[in-house]
Amino acid sequence: VQLVESGGGLVQPGGFLRLSCAASGFTFSRYVMSWYRQAPGKERELVAGITNAGRSTNYADSVKGRFTISRDNAKNTVYLQMNSLKPEDTAVYYCNALKEYGIVYNYWGQGTQVTVSS
(Lines give C-alpha, C1' and ligand atoms only; values in the text may rest on other atoms or scores of the structure.)
Protein backbone atom coordinates (compact mmCIF):
# COMPACT_ATOMS: atom_id res chain seq x y z
CA VAL A 1 0.00 0.00 0.00
CA GLN A 2 1.28 3.43 -0.93
CA LEU A 3 -0.05 6.94 -0.64
CA VAL A 4 2.28 9.49 -2.21
CA GLU A 5 1.52 13.18 -1.72
CA SER A 6 2.88 15.91 -3.95
CA GLY A 7 2.31 19.57 -4.71
CA GLY A 8 3.40 21.17 -1.46
CA GLY A 9 5.75 24.12 -1.29
CA LEU A 10 6.22 27.75 -0.32
CA VAL A 11 3.50 30.20 -1.31
CA GLN A 12 2.66 33.77 -0.40
CA PRO A 13 -0.47 34.64 1.57
CA GLY A 14 -3.44 34.78 -0.76
CA GLY A 15 -1.85 32.29 -3.12
CA PHE A 16 -2.90 28.80 -4.08
CA LEU A 17 -1.60 25.26 -4.25
CA ARG A 18 -2.98 21.96 -5.46
CA LEU A 19 -2.02 18.86 -3.55
CA SER A 20 -2.24 15.41 -5.09
CA CYS A 21 -2.18 11.99 -3.47
CA ALA A 22 -1.52 9.00 -5.70
CA ALA A 23 -2.69 5.69 -4.25
CA SER A 24 -1.63 2.16 -5.03
CA GLY A 25 -1.85 -1.30 -3.55
CA PHE A 26 -5.51 -1.24 -2.57
CA THR A 27 -8.94 -0.74 -4.14
CA PHE A 28 -9.02 3.04 -4.10
CA SER A 29 -12.68 3.39 -5.05
CA ARG A 30 -13.78 1.59 -1.89
CA TYR A 31 -12.09 4.00 0.49
CA VAL A 32 -13.04 7.30 2.04
CA MET A 33 -10.17 9.66 1.33
CA SER A 34 -9.18 12.57 3.51
CA TRP A 35 -6.57 15.24 3.93
CA TYR A 36 -5.20 15.99 7.39
CA ARG A 37 -2.61 18.51 8.46
CA GLN A 38 -0.27 18.96 11.39
CA ALA A 39 1.38 22.22 12.30
CA PRO A 40 4.42 22.36 14.61
CA GLY A 41 3.40 21.82 18.21
CA LYS A 42 -0.19 21.02 17.28
CA GLU A 43 -2.21 17.85 16.90
CA ARG A 44 -3.04 16.43 13.52
CA GLU A 45 -6.42 17.72 12.33
CA LEU A 46 -8.88 16.77 9.62
CA VAL A 47 -8.94 19.26 6.76
CA ALA A 48 -11.32 17.65 4.28
CA GLY A 49 -12.83 14.29 3.39
CA ILE A 50 -14.60 12.75 0.43
CA THR A 51 -16.67 9.58 0.21
CA ASN A 52 -15.64 6.67 -1.97
CA ALA A 53 -17.76 7.68 -4.97
CA GLY A 54 -17.13 11.37 -4.45
CA ARG A 55 -20.75 12.23 -3.79
CA SER A 56 -20.20 13.79 -0.38
CA THR A 57 -17.49 16.00 1.09
CA ASN A 58 -16.82 17.61 4.43
CA TYR A 59 -14.45 20.37 5.52
CA ALA A 60 -12.98 21.85 8.64
CA ASP A 61 -14.60 25.20 9.41
CA SER A 62 -11.23 26.90 9.02
CA VAL A 63 -10.95 25.96 5.32
CA LYS A 64 -14.58 26.06 4.15
CA GLY A 65 -14.96 28.18 1.05
CA ARG A 66 -11.20 28.14 0.37
CA PHE A 67 -10.28 24.47 -0.05
CA THR A 68 -11.86 21.87 -2.33
CA ILE A 69 -11.30 18.12 -2.14
CA SER A 70 -11.91 15.95 -5.19
CA ARG A 71 -10.99 12.51 -6.45
CA ASP A 72 -10.48 10.65 -9.70
CA ASN A 73 -11.13 6.97 -9.13
CA ALA A 74 -9.87 6.15 -12.62
CA LYS A 75 -6.47 7.60 -11.68
CA ASN A 76 -6.48 6.45 -8.04
CA THR A 77 -5.80 10.02 -7.00
CA VAL A 78 -7.28 12.48 -4.54
CA TYR A 79 -6.70 16.22 -4.75
CA LEU A 80 -6.86 19.22 -2.46
CA GLN A 81 -7.20 22.58 -4.16
CA MET A 82 -6.18 25.26 -1.69
CA ASN A 83 -7.02 28.88 -2.48
CA SER A 84 -6.65 32.11 -0.52
CA LEU A 85 -3.95 30.54 1.59
CA LYS A 86 -3.17 32.01 5.00
CA PRO A 87 -0.07 31.72 7.19
CA GLU A 88 -2.10 29.58 9.59
CA ASP A 89 -2.48 26.98 6.83
CA THR A 90 1.22 26.23 7.19
CA ALA A 91 1.57 22.56 8.10
CA VAL A 92 2.52 19.14 6.86
CA TYR A 93 -0.43 17.80 4.89
CA TYR A 94 -1.17 14.08 4.97
CA CYS A 95 -3.32 11.92 2.77
CA ASN A 96 -5.46 9.26 4.47
CA ALA A 97 -7.41 6.28 3.18
CA LEU A 98 -10.05 4.67 5.38
CA LYS A 99 -12.38 1.73 5.00
CA GLU A 100 -14.43 0.33 7.86
CA TYR A 101 -16.04 -2.97 6.99
CA GLY A 102 -15.88 -4.99 10.15
CA ILE A 103 -12.13 -4.52 10.10
CA VAL A 104 -10.68 -1.02 9.94
CA TYR A 105 -8.24 -0.36 7.11
CA ASN A 106 -6.42 2.93 7.67
CA TYR A 107 -3.47 4.11 5.57
CA TRP A 108 -1.36 7.27 5.66
CA GLY A 109 0.98 9.01 3.27
CA GLN A 110 4.35 10.44 4.25
CA GLY A 111 3.15 14.05 4.12
CA THR A 112 3.98 17.13 2.10
CA GLN A 113 5.03 20.48 3.56
CA VAL A 114 2.95 23.56 2.84
CA THR A 115 4.40 26.88 3.96
CA VAL A 116 2.47 30.12 3.58
CA SER A 117 4.72 33.09 4.14
CA SER A 118 5.69 36.39 2.59
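Each remark here, short or long, concerns the structure printed above.
Residues numbered from 1 in each chain as written. Predicted model: local features only at pLDDT ≥ 70, side-chain atom pairs only at ≥ 80, totals over all residues. Heavy atoms only, no water.

Q: Got a minute to help me understand the sheet that holds strand S1 (residues 2–6) in this structure?
A: Two orientations exist for strands paired in a sheet by backbone hydrogen bonds: parallel and antiparallel. Strand order across the open sheet formed by 4 strands is S1-S3-S8-S7, with antiparallel pairing between neighbours. Lying at the two open borders of the sheet, with one neighbouring strand each, are S1 and strand S7 (67–72). Averaged over all neighbouring strand pairs, the angle between strand axes comes to 15°, with direction disregarded. Sheet topology note: the S1/strand S3 (residues 17–24) ladder contains 5 bridges and is antiparallel. The residue bridging Leu3 from the neighbouring strand is Ala23, located in S3. (Pairing = 2+ DSSP bridges. Helix = DSSP H or I, 4+ residues; strand = E, 2+ residues; numbered from the N terminus. Axes fitted to C-alpha atoms, helices over the stretch in contact; angles between N-to-C directions.)

Q: Just checking my understanding: could you explain the pairing of S3 for this structure?
A: Looking down a regular strand, the side chains alternate between one sheet face and the other. Relative to strand S8 (residues 77–82), S3 runs antiparallel, the two sharing 6 bridges. Of the residues in S8, the one forming a bridge with Cys21 is Val78.

Q: Whenever I open this one, the state of the cysteines confuses me. Can you help?
A: Here a disulfide denotes a covalent bond joining the sulfur atom of one cysteine to the sulfur atom of another. Scanning all chains against the criterion turns up 1 disulfide. At a sulfur-sulfur separation of 2.1 Å, the disulfide partner of Cys21 is Cys95. On the sign convention where negative means left-handed, the S-S torsion of about -80° between Cys21 and Cys95 marks this disulfide as left-handed. Taken together, the residues Cys21 in strand S3 and Cys95 in strand S9 (residues 91–101) connect sequence positions 74 residues apart. (Disulfide = S-S within 2.5 Å.)

Q: Explanation requested: the nonpolar core in the structure shown.
A: Side chains that are nonpolar tend, in soluble globular proteins, to be buried together. By size, the foremost hydrophobic cluster in this structure holds 29 residues, and its most contacted members are Met33, Trp35, Val78, Leu80, Met82 and Tyr93. Those elements that provide at least two residues to this core are S3, strand S4 (32–38), strand S5 (45–50), S7, S8, S9 and strand S11 (112–116). Each residue touching Leu80, except ones within four places of it in the same chain, is listed here: Leu17, Arg18, Leu19, Trp35, Val47, Ala48, Phe67, Thr68, Ile69 and Tyr93. (Core = buried A, V, L, I, M, F, W, Y, C linked by side-chain atoms within 4.5 Å. Buried < 20%, exposed > 50% of the residue type's maximum accessible area, 1.4 Å probe, protein only. Contact = heavy atoms within 4.5 Å.)

Q: Mind showing me how you'd approach the environment of Tyr105 here?
A: Mapping Tyr105 onto the fold places it in strand S10 (residues 103–108). A relative accessible area of 29% places Tyr105 in the partly exposed class. Put simply, Tyr105 and Val32 are 73 residues apart on the chain and 10 Å apart in space, counted from C-alpha to C-alpha. The contact partners of Tyr105, leaving out residues within four places of it in the chain, are Tyr31, Ala97, Leu98 and Lys99.

Distances and angles like these do not, on their own, reveal function.
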